[in-house]
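What follows is the residue order along each chain.
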There are 2 protein chains.
Amino acid sequence: MVQPTEIRVPYNDLVKVLAGILVKLGFEQDRAHRAACLFADASRDGVYSHGVNRFPRFIRALRNGVVDPKATPVLVSKFGALERWDGRLGPGMLNAQQCMERAIALSRANGIGFVALANTNHWMRGGNYGWQAADAGVIGICWTNTMPNLPPWGASDPRLGNNPVIIAVPRAEGHLVLDMAMSQFSYGAIESYRLRGQMLPVPGGFTVDGELTSDPAAIEQSYRPLPIGYWKGSGLALMLDVLASVLSGGKATHELPSDPERETSLSQVFIAIDPASIGPPERMSEIADAVVDDLHRSRSSGEPVRYPGEQVLKRRRDNLERGIPVNAAIWSDIGHGSVSK
Amino acid sequence: MVQPTEIRVPYNDLVKVLAGILVKLGFEQDRAHRAACLFADASRDGVYSHGVNRFPRFIRALRNGVVDPKATPVLVSKFGALERWDGRLGPGMLNAQQCMERAIALSRANGIGFVALANTNHWMRGGNYGWQAADAGVIGICWTNTMPNLPPWGASDPRLGNNPVIIAVPRAEGHLVLDMAMSQFSYGAIESYRLRGQMLPVPGGFTVDGELTSDPAAIEQSYRPLPIGYWKGSGLALMLDVLASVLSGGKATHELPSDPERETSLSQVFIAIDPASIGPPERMSEIADAVVDDLHRSRSSGEPVRYPGEQVLKRRRDNLERGIPVNAAIWSDIGHGSVSK
């Protein structure tokens, strides 16, 4: 739902305004357009926290020198279907898009493509690269490490990243796209619950005394959000970080600055798998459709059970028709051609 | 700890006895030995539930015709680094070992190898195949689907599998090996808590009335264990099933018999990545070691924080020295050359 503090902006206007700002900040025309689209796409699909509403922080990262607008990834080494790239601290969303594109190309030639990327910046909405792969008709899997923001299970200090992972499977009726971080709730979500005066629906972290709690304010105070599945998400977050840093040769979470304004030098992984290279595509569609149909037959007393990404196309249509929701203060700032520092 | 109902058997004796039984049930000598080792390895490493204590169920599956002792996987199709195999309902642990071996070989030639396996049987301890890859000096990732045993988030009927996933990263000081299913607790773990008269340490499922509970008996009654991270683990379980079935061309969870004694025709994925193909191995070791060192510096008021798999080598040494713990009744049964039906 659009809040009173939000307005709706036509998609094309949004892209044009954002791209214009990026050009002034040193982006080439085409790259400015592509980066603007990735911000607009996130908001269009309902991921407002990592879409246009995050644009001001990205602008600050450009002005702070955290992101180099002109830097593009370079190939460091390759062997077969496996490649290592250096993101040279360029814009994270463009680096990620290019590396997923490269993984897709590798999958056309090898069935699978695997690109590990070092020295990149925040990719904003990770789901964009899953959709990119699925739109190309291939399976996409990618993940990133992050700065330390999640205590390992059994500890009180944040040493793990909440390392989002994306898994996308193409399907004519609507891709299946899972986009999830390793913390049960993001800090953004925790803040939203607090502002609405609500408790979290399930425990989402610890109090300063180490008790599990559903109170958002208590978690903001302790800085101890909960990994999904307690010890399990803690282990998975660690492994995703190790895989990304070992394979890219880049930095691991513990080496990254613990400041959202300075978070940089991330390590990421992009995998594409071309299912049509080893079997008839129509059979694969049947399999995926049958899984979805079975899920939809679930016995639920509340909301119908949905597959990951099921709501996206509906929200996308709605937002394209009615305009993309943007925070009014941010848009006003952007509309004046300057973004608050 | 060894319970009074457990005895300790030397590793080699264990393998010899198990292999002897398998030969009588139709295994070729070499395959009997390898399968026996995989059972013994699981118990040796402390995964008793999927080691020798599960041998009687495997024998029943052989006698029921669920598992064909002589069947071996055949290559169905291949393209580059991607292969599809048909397990022909052979022994799940041998099929899995062979497919990980094949993925490792593909990774030597292509940097990465990806094998999707249809029509296989329960692989017992999934961690075995992670250790197999890491012992070969490569990264191993594998997962399996299972029969329906986990309700999707928001539903009360089990339609998802608890689909275990394994991620293994080789390291001289001890591999990092994560081996985790999508349910917060296995039914085996839930039963153990009930038998000890204990509550689960965190909520692990629902009552028949749909309330979250830590009472093991209530979860056994409702048959509604909890996915890790609630909606997140539910989504991840679904995606792992879709990936395994779509890529192998095999069956998805909803097509599998809902009976542990009849569970068969599983779909699995085996991935190996050779990090040495794209960068200096010593640098990769440094990166992994540094992540482990940082984790060990975690602030904990209780047990020290450990990485996935950290306890295995110690337990392995201990069990090899003192004998492998096996349930006494099961060993007595096995020792008499017959296994209870």
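Structural notes, computed from the coordinates. (Residues numbered from 1 in each chain as written. Chains lettered and ligands numbered in written order. Predicted model: local features only at pLDDT ≥ 70, side-chain atom pairs only at ≥ 80, totals over all residues. Heavy atoms only, no water.)

Some details on the overall build of chain A
- A count of helices and strands for chain A gives eleven helices and eleven strands.
- Relative to the globule expectation of 20 Å for 341 residues, the C-alpha radius of gyration of chain A, 20 Å, shows essentially globular dimensions.
- Dimensions of chain A, computed from the C-alpha atoms along their principal axes, are close to 55 × 50 × 45 Å.
- Evaluated residue by residue, chain A yields a buried proportion of 60% over its 341 residues.
- Put simply, of all contacts in chain A between residues at least 6 apart along the chain, 65% involve residues at least 24 apart.
- Here chain A carries 35 positive and 35 negative side-chain charges, and the mean point of each set is 3 Å from the other. (Helix = DSSP H or I, 4+ residues; strand = E, 2+ residues; numbered from the N terminus. Rg over C-alpha atoms; globule rule 2.2 N^0.38 Å. Buried < 20%, exposed > 50% of the residue type's maximum accessible area, 1.4 Å probe, protein only. Contact = heavy atoms within 4.5 Å. Lys, Arg positive; Asp, Glu negative; His and termini not counted. Charge placed at Lys NZ, Arg CZ, Asp CG, Glu CD.)

Some points on the interface of chain A and chain B
- Between chain A and chain B, the contact holds 78 residues from the first and 78 residues from the second.
- Taken over both partners, the interface formed by chain A and chain B buries close to 6,600 Å², and the fraction arising from carbon and sulfur atoms is 73%.
- Of all residues in chain A, the largest losses of buried area upon contact with chain B belong to Lys232, Met239 and Ile278 of chain A, amounting jointly to 11% of the total for that side.
- Inspection of the region where chain A meets chain B yields two salt bridges.
- For the pair chain A and chain B, the number of links is 20 residue pairs in polar contact (both at pLDDT 80 or more). (Buried area = accessible area lost by both parts, 1.4 Å probe. Salt bridge = Lys/Arg side-chain N within 4 Å of Asp/Glu carboxyl O. Polar contact = N/O pair within 3.5 Å; in protein donor to acceptor, adjacent residues only side chain to side chain.)

Some words on the pattern of salt bridges
- Overall, the coordinates contain 34 salt bridges over all chains when judged by the stated rule.
- Residues Asp157 of chain A and Arg159 of chain A are paired through a salt bridge, measuring 2.8 Å at the closest nitrogen-oxygen approach. In terms of burial, Asp157 of chain A and Arg159 of chain A fall into one category: buried.
- Here Asp45 of chain B ties to Arg44 of chain B by a salt bridge, and the two come within 2.9 Å at their closest N and O atoms.
- We classify Arg44 of chain B as buried; its relative accessible area is 12%.
- Salt bridges here are not isolated pairs; linked through shared partners, they connect Asp41, Arg44, Asp45, Arg125 and Arg316 of chain A.

With respect to the relation of the copies chain A and chain B
- With an RMSD of 0.0 Å, chain A superimposes on chain B once it is rotated by 180° and translated 0.0 Å along the axis. Expressed as a symmetry operation, the mapping of one chain copy onto the other fits a two-fold axis. Identified as the residue of chain A closest to the rotation axis by C-alpha distance is Gly229 of chain A, at 2.4 Å.
- A symmetric contact is evident, with 100% of the interface residues of chain A recurring at the interface of chain B. (Least-squares fit on C-alpha atoms with pLDDT ≥ 70 in both.)

Observations concerning helix H3 (residues 55–63) of chain A
All names here are of chain A.
- Among all positions of H3, only Phe55, Pro56, Phe58, Ile59, Ala61 and Leu62 are buried.
- Of the surrounding secondary structure, the elements contacted by the buried residues of H3 are helix H1 (11–24), helix H2 (29–44), helix H4 (92–110) and helix H11 (328–335).
- In the stretch just after H3, Gly65 is the one whose phi turns positive, near 80°.

Here's the deal with the packing of aromatic side chains
Residue and element names in this part refer to chain B.
- Here the structure, examined in full by the defined rule, presents 26 aromatic pairs over all chains.
- When the ring of Phe39 is compared with that of Phe58, the centres are 5.3 Å apart and the planes differ by 50°; the resulting orientation is tilted. With Phe39 in helix H2 (residues 29–44) and Phe58 in helix H3 (residues 55–63), this residue pair connects regions lying 19 residues apart in the sequence. Neither Phe39 nor Phe58 differs from the other in exposure class; each is buried. (Phe/Tyr/Trp six-rings, centres within 6.5 Å; stacked < 30°, edge-to-face > 60°.)

Focus on the environment of Asp157 of chain A
- For Asp157 of chain A, the location among the structural elements is in the loop between strand S5 (139–144) and strand S6 (165–169).
- You can call Asp157 of chain A buried: its relative accessible area is 7%.
- A C-alpha to C-alpha distance of 9.4 Å links Asp157 of chain A and Ser222 of chain A, two positions 65 residues apart in sequence.
- When sequence neighbours within four positions are dropped, the list of residues in contact with Asp157 of chain A reads Leu150, Pro151 and Pro152 of chain A together with Arg297, Ser298 and Arg299 of chain B.
- A distance of 2.8 Å separates polar atoms of two side chains, one belonging to Asp157 of chain A and the other to Arg159 of chain A.

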